[in-house]
Amino acid sequence: MRIDNRDNEQLRSITITRNFTTYAEGSVLIECGNTKVLCTASVEERVPRFLKGSGQGWVTAEYSLLPRSTMTRTSREATKGRQTGRTVEIQRLIGRALRAVVDLTALGERTITIDCDVIQADGGTRTTAITGAFIALVDAVDTIFSGDGIFPVTEFLAAISVGIGKDGLITDLCYHEDSEAVVDMNVVSTESGRLVELQGTGEHGTFSRSELNSLLDMAEKAITELIGYQKQSLGALAEKVGAVYEISAGN
């Protein structure tokens, strides 16, 4: 039995609170066990210079750990004058993941910025951020969608950590498990099973092709479950994801 008494393939408890803040076009507090991440999505009527005049939009992300989200205080990166390599890596991952399920042409020349702020960290902050950010993204896109053509978010997307612990393969690693894992892997996938990103490392050992396949099977099962939570949270809005609407006459 694992440290928190879960089965090997069992997710931590999931709580999703939409519209958690007032001003952002989309906002979600997502709690996966003791990991809590606030995800907001902001819409701006502009694009980066390299996209001006292209007719395409952009989705980007920023990520941060709040000072006492961890067991000991983490200094604010602003006081150091630079972001850590870890922060840059994670926010690029979040941005890439979300762009994989956005039709940038349907979005139009707008930028959606996703801010993921970790309130409390207990492992899986990047995967939790992606899963929560997707919901905030859908809410934000809905505020600008005219009801004609393609809804810019084309497919559901979620992410999960899997790994090999001392007693075998496990899903959704908490910090204690992550720190001692033989193998740690983050998987980002769409609902149709298309992989967006794999980050797998043999931390304290190696792993076989067979074990890799088993880890991916576990991740696929977990992501299906997470997408179920996303759909439940979004309610009727979930039906717009991937939908194509007839263009109104005269448009």
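For the chain, the name recorded in an unreviewed UniProt entry is Ribonuclease PH, with Veillonella montpellierensis DNF00314 as its organism. Of the comments in the UniProt record for the chain, the one headed Sequence similarities (unreviewed entry) reads "Belongs to the RNase PH family." The Subunit (unreviewed entry) field of the UniProt record for the chain holds the comment "Homohexameric ring arranged as a trimer of dimers."

Caption draft 1: Summary view of the sheet that holds strand E3 (residues 35-44). Here we have 5 strands laid out as an open sheet, ordered E1-E2-E3-E5-E4, and mixed in their pairing. Strands at the two margins of the open sheet, each flanked by one partner only, are strand E1 (14-18) and strand E4 (58-65). Pairwise comparison of adjacent strand axes, ignoring direction, gives a mean angle of 15° for this sheet. Here E4 pairs with strand E5 (residues 111-120) via 8 bridges, running parallel. Following the sheet pairing, Ser64 is matched in E5 by Asp117. Against the sheet, helix H4 (residues 125-144) touches E1, strand E2 (26-32), E3, E4 and E5, its axis set at about 30° to E3.

Caption draft 2: Molecular detail of the UniProt feature "domain: Exoribonuclease phosphorolytic" (unreviewed entry) in the chain. Residues annotated by UniProt as "domain: Exoribonuclease phosphorolytic" (unreviewed entry) correspond here to residues 10-140 and 157-222. Counting secondary structure, residues 10-140 comes out at 30% helix and 31% strand; the distance between its end C-alpha atoms is 31 Å. Annotation note: span residues 157-222, helix share 30%, strand share 44%, distance between end C-alpha atoms 12 Å.

Caption draft 3: Region of interest: the packing of aromatic side chains. For the structure on display, the rule yields 4 aromatic pairs. Pairing Phe134 with Phe156 gives two aromatic rings, centres 5.1 Å apart and planes at 45°, and the pair type is tilted. Taken together, the residues Phe134 in helix H4 and Phe156 in the loop between strand E6 (149-150) and strand E7 (157-165) connect sequence positions 22 residues apart. Summarising the aromatic geometry, the rings of Phe145 and Phe151 are spaced 5.1 Å apart at their centres and angled 80° between planes, so their arrangement reads as edge-to-face. The exposure classification of Phe145 matches that of Phe151, with both residues buried. The ring of Phe156 carries the charged tip of Lys231 above its face, separated from the ring centre by 5.2 Å.

Caption draft 4: Structural detail: the side chain of Thr127. Relative to the assigned elements, Thr127 resides in helix H4. By relative accessible area, Thr127 is classed as buried at 4%. Leave out the neighbours within four places in its chain, and Thr127 touches Ala159, Ile160, Ser161 and Asn186.

The rules behind these values
Residues numbered from 1 in each chain as written. Predicted model: local features only at pLDDT ≥ 70, side-chain atom pairs only at ≥ 80, totals over all residues. Heavy atoms only, no water. UniProt positions renumbered as here; feature names shortened; annotations may be inferred. Pairing = 2+ DSSP bridges. Helix = DSSP H or I, 4+ residues; strand = E, 2+ residues; numbered from the N terminus. Axes fitted to C-alpha atoms, helices over the stretch in contact; angles between N-to-C directions. Contact = heavy atoms within 4.5 Å. Phe/Tyr/Trp six-rings, centres within 6.5 Å; stacked < 30°, edge-to-face > 60°. Buried < 20%, exposed > 50% of the residue type's maximum accessible area, 1.4 Å probe, protein only. Lys NZ or Arg CZ within 6 Å of the ring centre and 35° of its normal.

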